[in-house]
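Overview (structure and organization)
Each chain, letter by letter, is given below.
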Amino acid sequence: MSDPMSKIYVTLKPIQHLPLLLALVTVHQLKKLTFSKTVSTLMSKKVSEGVDGVPFVVGVSTFLTQIHPGQALSFLAYICQYLNSYIIQMGNTSIPKKDEDLGACFYFLKMFIKVHPRKECDKFVRLLVPSYDMIPSLINLIT
């Protein structure tokens, strides 16, 4: 067990609703995180929270690597749907409010794509979030 991020040790049948459950837990944890421009990573909003962005992303990625391969894409679909809902909501308001959840979700996806061994995740996310490349400028606009 020397490289759990890229080696698969156990193959499981797809577990029903596991990607949805993991996406809900992820969204809940993302509310505790914010993107720090000074360190260029996800950090906890409060020191007492005990959540760190990089270990969280690596843990989710490693967990999804160890279970059925299709589960990771289902998980990404739920997270992309969450991100799209933020973008649509911002388009429906005349003055977008400062919202750190959009940045946390975007940078979670960006870090997840970078550490996950399945390289098609990047294409999959760009397919589901058409405005993916414009999100950093949108985040700068509202922060």
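Residues numbered from 1 in each chain as written. Predicted model: local features only at pLDDT ≥ 70, side-chain atom pairs only at ≥ 80, totals over all residues. Heavy atoms only, no water.

Let's talk about the confidence of the model for the chain
In the predicted model, the chain carries a mean pLDDT of 85, and 89% of its residues have values of at least 70. For the chain, per-element mean pLDDT is lowest for helix H6 (residues 135–142), which scores 70, and highest for helix H1 (residues 18–30), which scores 95. (pLDDT = per-residue confidence, 0-100. Helix = DSSP H or I, 4+ residues; strand = E, 2+ residues; numbered from the N terminus.)

Thoughts on the packing of helix H3 (residues 69–91) against helix H4 (residues 100–115)
The contact between H3 and H4 brings their axes to 10 Å, and the two run at 150 degrees. Crossing angle aside, the handedness with which H3 passes H4 is left-handed. Together, Phe75, Leu76, Ile79, Cys80, Tyr82, Leu83, Tyr86, Ile87 and Met90 of H3 and Asp101, Leu102, Cys105, Phe106, Phe108, Leu109 and Phe112 of H4 make up the contact between the two elements. (Axes fitted to C-alpha atoms, helices over the stretch in contact; angles between N-to-C directions. Left-handed = near helix turned anticlockwise from the far one by under 90°. Contact = heavy atoms within 4.5 Å.)

Details of a nonpolar patch on the surface
A contiguous nonpolar patch, built from Tyr9, Val10, Leu12 and Ile15 and spanning about 310 Å² of accessible area, is present on the exposed surface. Within the secondary structure, Ile15 is located in the segment before H1. Ile15 sits in the partly exposed class, given a relative accessible area of 39%. (Patch = residues over 30% accessible without salt bridge, like charges linked within 9 Å, V, L, I, M, F, W, Y side chains within 5 Å. Areas by Shrake-Rupley, 256 points an atom, 1.4 Å probe, with all protein chains shown as cover. Salt bridge = Lys/Arg side-chain N within 4 Å of Asp/Glu carboxyl O. Buried < 20%, exposed > 50% of the residue type's maximum accessible area, 1.4 Å probe, protein only.)

Here's the deal with the pairing of strand E2 (residues 41–44)
Pairing of strand E1 (residues 33–36) with E2 involves four bridges; the strand directions are antiparallel. Bridge pairing in E2 links Leu33 to Ser44. Linking two consecutive strands that pair antiparallel, namely E1 and E2, is a turn of four residues; a positive phi of about 60 degrees is found at Ser40 within it. (Pairing = 2+ DSSP bridges.)

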